[in-house]
Amino acid sequence: MTGKIHRLIKDKRYGFIRDKQNNDYFFHASSIKNADFDYLEVGTEVEFEDEDTEKGLRASDIYV
């Protein structure tokens, strides 16, 4: 799946990715596979695996 980083909370090391259908996916810095979380910016395009958890949508295995 593809999307763009929509929001980053750098001090807590998490953020949200928005897909083309306007769904927001939570992600943690540990899910980024080929980049450093500290250098990510809002609007960066990413590919990721999506999961539907009891807490909501979550992105994993994220590649910039």
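Quantities reported herein were computed from a predicted structural model and do not represent experimental measurements. (Residues numbered from 1 in each chain as written. Predicted model: local features only at pLDDT ≥ 70, side-chain atom pairs only at ≥ 80, totals over all residues. Heavy atoms only, no water.)

1. Some points on a negative patch on the surface
- A cluster of acidic residues, E49, D50, E51 and D52, forms a negative patch on the protein surface.
- Assignment of secondary structure puts E49 in strand 4 (residues 45–53).
- Exposure remark for E49: the relative accessible area of 46% places this residue in the partly exposed category. (Patch = residues over 30% accessible without salt bridge, like charges linked within 9 Å, V, L, I, M, F, W, Y side chains within 5 Å. Areas by Shrake-Rupley, 256 points an atom, 1.4 Å probe, with all protein chains shown as cover. Salt bridge = Lys/Arg side-chain N within 4 Å of Asp/Glu carboxyl O. Lys, Arg positive; Asp, Glu negative; His and termini not counted. Charge placed at Lys NZ, Arg CZ, Asp CG, Glu CD. Helix = DSSP H or I, 4+ residues; strand = E, 2+ residues; numbered from the N terminus. Buried < 20%, exposed > 50% of the residue type's maximum accessible area, 1.4 Å probe, protein only.)

2. Examining unusual backbone geometry
- Of note in this structure, R13 is not a glycine but carries a positive phi near 65°.
- On the accessibility criterion, R13 (34% relative accessible area) is partly exposed.
- Backbone geometry places N22, a non-glycine residue, at a positive phi of 65°.
- Within the secondary structure, N22 is located in the loop between strand 2 (14–19) and strand 3 (24–28).

Read these as geometric descriptors, not functional statements.
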